[in-house]
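Close look at the chain arrangement
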Amino acid sequence: MNRELITRATKCRDDIERLGKIIGKCSNAIDEIGHGADIKVIGSIRSDINLNDCHLDDGQEKLVQDMLVAILKNRIEEAEAELEMLLPKVEEKNE
């Protein structure tokens, strides 16, 4: 039993750390995009490509940024919901 409990606790800790990293990286990416950071496509066959190299017009670039930010915000919400499920419920005290 102790071994199983330790295994489950370790998995829970690892999941919490993983979700924390996901939330942090998504938040950082959103901040960087908001400050005009370049979006880079890392290729496996060919060389890496910066989105700027595609010479999108301002509207197209804004659309890509908005779409990516929306996806990242959605992922943050999902990760937060997963994290909430792992954490113990906090009871409200009526005073």
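Please refer to the structure higher up on the page.
What comes next concerns the included structure. (Residues numbered from 1 in each chain as written. Predicted model: local features only at pLDDT ≥ 70, side-chain atom pairs only at ≥ 80, totals over all residues. Heavy atoms only, no water.)

Moving on to the overall build of the chain. Across its full length, the chain carries two helices and two strands. Counted from the first residue to the last, the chain has its helices and strands arranged as α-β-β-α. Scaling as 2.2 N^0.38, a compact globule of 95 residues should have a C-alpha radius of gyration of about 12 Å, whereas the chain reaches 19 Å, well beyond that. Dimensions of the chain, computed from the C-alpha atoms along their principal axes, are close to 60 × 45 × 15 Å. Looking at the chain as a whole, 16% of its 95 residues are labelled buried. When the accessible surface of the chain is totalled, it reaches about 8,200 Å², and 55% of it is carbon and sulfur. (Helix = DSSP H or I, 4+ residues; strand = E, 2+ residues; numbered from the N terminus. Rg over C-alpha atoms; globule rule 2.2 N^0.38 Å. Buried < 20%, exposed > 50% of the residue type's maximum accessible area, 1.4 Å probe, protein only. Areas by Shrake-Rupley, 256 points an atom, 1.4 Å probe, with all protein chains shown as cover.)

Per the counting criterion, the structure on display carries eight salt bridges. Note that Arg18 and Glu82 form a salt bridge whose closest N and O atoms lie 3.8 Å from each other. Separated by 64 residues along the polypeptide, Arg18 in helix H1 (residues 2–34) and Glu82 in helix H2 (residues 58–86) bring together distant segments of the chain. Judged by its relative accessible area of 37%, Arg18 falls in the partly exposed class. (Salt bridge = Lys/Arg side-chain N within 4 Å of Asp/Glu carboxyl O.)

One can find Gln65 in helix H2. Excluding its chain neighbours within four sequence positions, the residues that come into contact with Gln65 are Ile33 and Ile39. (Contact = heavy atoms within 4.5 Å.)

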